[in-house]
Amino acid sequence: MASSDKAGVDGEAPTTSTSVNFSDGGSAPDALGDIPTLTVSQTVSALTLSSSNTQSLTITATCAYPAVSLDVYFVPTRGGTAVSSPSSTATCTSTGNTGCADTDANGYNCVIVPKLETSLSAGTYYVQFVVNLAGQYEPIGLTSTITDTVITIGGGPATVHLTPSTTSYTPQEGQTLPTVTCSSDCNPVCTYSWTKDEQSHTTGSDIQLTNIQRGQTGVYRCTASNKYGNQTSSDVTVTVNYGPGNSISFQPNKDVLERVENQTVSDIVCFADCEPPCTYIWSNAGTTYPNPLSLSTAVRGNAGQYTCSASNSVGQGTKTWNLIVRCKYCSNVGRAFKLHVHG
């Protein structure tokens, strides 16, 4: 006789076999002929479960005491916690005392009609049932798992999982990100696709970003789909960091500005393409200036070459800007004005 097994009752992972077990809450019967047994007398090879299912399974309990209840459970074929099925129906009919030494013992044919439970995820299951008996002795629970019948529950993906679960990456340009894999519990199996900024990006469960470039900054999402529906993962945000390089520019867009003395000089804004954003500083002959560079008026002392430095955590870049100031009233005696360049 197999050892005691209360998996269906205790919620632990049950043994998935057709062997029959009984658990005795008190003393077991003395006579061998009194020991209850449980056999599967009818199964179906496959069953697609629904709330309106009428297909049934039949078990036979012999040398049993009056059956007070019969509980039905579903056991994942890949192992795991048994799920109770109160919606399933079960009817047990007495077959009388046949060969049992205890005159109080009896036999039963029990017909079980498994029904779909909302607590069941998509997948495949075995049926497990527990016949709870009471009588002359302490309560006895007979448990059996039918592995001859595989129950299939179809469904679309409920949740899409990401491995690794990180949802934000900030690599530097040229680096490689770990492969991100999405998965979901689907039946039938799901297909997967990735989008970037809501545009189609790639198919398959994996996304790989190698030698990453700034154009790959964006929000990535994985969608799992089958005939029952689809579900989208949480966002995977990729922000590629890079330095200014040679992207420094000026506004107005001139590297050299010529002005006659005392003319107005517009502010010069230095900017660059950086991530994270750059900070800027101007310098001229050892003196530093904030950005934008504000000289206001073209005077001889302002003439010269100015350097803008742009920097962030990734790198630094520089670019020069020149102011040429021409003298308004410079001349030799008896000659026309002569222009001078300072700086």
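Residues numbered from 1 in each chain as written. Predicted model: local features only at pLDDT ≥ 70, side-chain atom pairs only at ≥ 80, totals over all residues. Heavy atoms only, no water.

Asks: I tried to follow the overall build of the chain on my own but got confused; where do I start?
Replies: Check the secondary structure of the chain and you find 1 helix and 28 strands. Within the span of the chain, comprising 343 residues, buried residues form 38% of the whole. Total accessible area on the chain stands at roughly 17400 Å², and carbon and sulfur atoms take up 47% of it. (Helix = DSSP H or I, 4+ residues; strand = E, 2+ residues; numbered from the N terminus. Buried < 20%, exposed > 50% of the residue type's maximum accessible area, 1.4 Å probe, protein only. Areas by Shrake-Rupley, 256 points an atom, 1.4 Å probe, with all protein chains shown as cover.)

Asks: What is the right way to read the sheet that holds strand β4 (residues 57-64) from this model?
Replies: Sheet strands pair via backbone hydrogen bonds, and the direction of the pair is either parallel or antiparallel. Spatial ordering of the open sheet is given by β2-β4-β8-β7, a layout of 4 strands whose pairing is antiparallel. What marks the edges here is a single partner per strand, and that holds for β2 (37-42) and β7 (89-96). Within the sheet, the average angular offset between the axes of one strand and its neighbour, ignoring direction, is 25°. Looking at chain direction, β4 and strand β8 (residues 106-113) are connected through 6 bridges and run antiparallel. Each residue of the ladder has a partner; that of A64, found in β8, is N106. (Pairing = 2+ DSSP bridges. Axes fitted to C-alpha atoms, helices over the stretch in contact; angles between N-to-C directions.)

Asks: I keep staring at the sheet that holds strand β16 (residues 206-207) and nothing clicks. Help me out?
Replies: A sheet is described by the order of its strands in space; here 3 strands give the open sequence β11-β13-β16, paired in antiparallel fashion. The open sheet is flanked by β11 (161-163) and β16, the only strands paired with a single partner. Bridge analysis of strand β13 (residues 180-183) against β16 gives 2 bridges, and the strand direction is antiparallel. By the bridge assignment, T181 is partnered in β16 with D206.

Asks: Hey, could you run me through the pattern of salt bridges in this one?
Replies: Any two side chains of opposite charge can pair, given that their charged atoms come close. Applying the stated criterion across every chain, the model contains 7 salt bridges. A salt bridge links D235 to R221; the shortest N-O distance between them is 2.5 Å. On the criterion of sequence distance, the pair formed by D235 in the loop between β18 (229-232) and β19 (236-238) and R221 in strand β17 (residues 218-226) is long-range, its members being 14 residues apart. One network of salt bridges, in which partners are shared, links E173, R214 and D273. (Salt bridge = Lys/Arg side-chain N within 4 Å of Asp/Glu carboxyl O.)

Asks: Mind showing me how you'd approach the nonpolar core here?
Replies: When a protein is soluble and globular, its nonpolar side chains tend to lie buried together. In this structure, I59, L70 and I151 are the most contacted members of the largest nonpolar core, which totals 27 residues. If you list the elements that add at least two residues to this core, you get β4, β5 (67-76), β8, β9 (123-133) and β10 (140-153). Apart from residues no more than four positions distant in its own chain, I151 is found in contact with L47, L49, F74, P114, G123, T124, Y125 and V127. F250, L257, C270 and L323 belong to the second largest nonpolar core, which has 20 residues in total. (Core = buried A, V, L, I, M, F, W, Y, C linked by side-chain atoms within 4.5 Å. Contact = heavy atoms within 4.5 Å.)

Asks: Looking at this structure, how should I read the pairing of β9?
Replies: Within a regular beta strand, the side chains point alternately toward one face of the sheet and then the other, so they alternate between its two faces. By the criterion of burial, β9 is predominantly enclosed, with 9 of the 11 residues buried. Relative to β10, β9 runs antiparallel, the two being bridged by 10 bridges. Bridge assignment links L133 to a residue of β10, and that residue is I140.

Asks: How do you make sense of the confidence of the model for the chain when you look at a structure like this?
Replies: Caution applies to low-pLDDT parts of the model: their predicted coordinates are not meant to be read in detail. Across the chain, the average pLDDT comes to 82, with 84% of residues at 70 or higher. Within the model, the stretch residues 332-343 combines pLDDT values under 50 with 25 contacts to residues more than four positions away or in other chains. (pLDDT = per-residue confidence, 0-100.)

Asks: What am I meant to see in the state of the cysteines here?
Replies: Such a bond, covalent and formed between the sulfur atoms of two cysteines, is termed a disulfide. In total, this model carries 6 disulfides according to the counting rule given. A sulfur-sulfur separation of 1.9 Å characterises the disulfide bridge that pairs C270 with C308. The sign of the S-S torsion, about -90°, decides the handedness of the disulfide formed by C270 and C308: left-handed. Of the two residues, C270 sits in strand β23 (residues 269-271) while C308 sits in strand β27 (residues 304-311), which places them 38 residues apart along the sequence. In this structure C308 comes out as buried when scored by relative accessible area, which is 0%. (Disulfide = S-S within 2.5 Å.)

Asks: Can you walk me through the pairing of β18 in this structure?
Replies: Where β17 and β18 come together, 4 bridges link them in antiparallel fashion. Across the sheet, residue S225 finds its bridge partner in β18, namely N230.

Asks: What is the right way to look at the packing of aromatic side chains in this model?
Replies: Given two aromatic rings, one states the distance between the centres and the angle between the planes to describe the pair. A complete count under the given rule lists 5 aromatic pairs for this structure. Between W282 and W321, the aromatic rings sit 6.4 Å apart at their centres with planes inclined by 80°, giving edge-to-face as the arrangement. With a gap of 39 residues between them, W282 in strand β24 (residues 279-284) and W321 in strand β28 (residues 316-326) connect regions that are remote in the sequence. Grouping aromatic residues by their ring pairs yields a cluster made of F250, W282, Y289, Y306 and W321. (Phe/Tyr/Trp six-rings, centres within 6.5 Å; stacked < 30°, edge-to-face > 60°.)

Asks: So what exactly am I meant to see when it comes to unusual backbone geometry here?
Replies: Backbone geometry follows two general trends: most residues other than glycine have a negative phi, and most peptide bonds adopt the trans configuration. Here the residue pair T163 and P164 is connected by a cis peptide bond, since its omega of -5° sits within 30 degrees of zero. Among the secondary structure elements, P164 is positioned in the loop between β11 and β12 (168-169). The peptide bond linking N291 to P292 adopts the cis configuration, its omega dihedral lying at 5°. Structurally, P292 is set in the loop between β25 (287-289) and β26 (296-297). A positive phi is found at C63, a non-glycine position, where the angle reads about 50°. By the secondary structure assignment, C63 is in strand β4. We classify C63 as buried; its relative accessible area is 9%. A positive phi angle, near 50°, is found at A285, a position not held by glycine.

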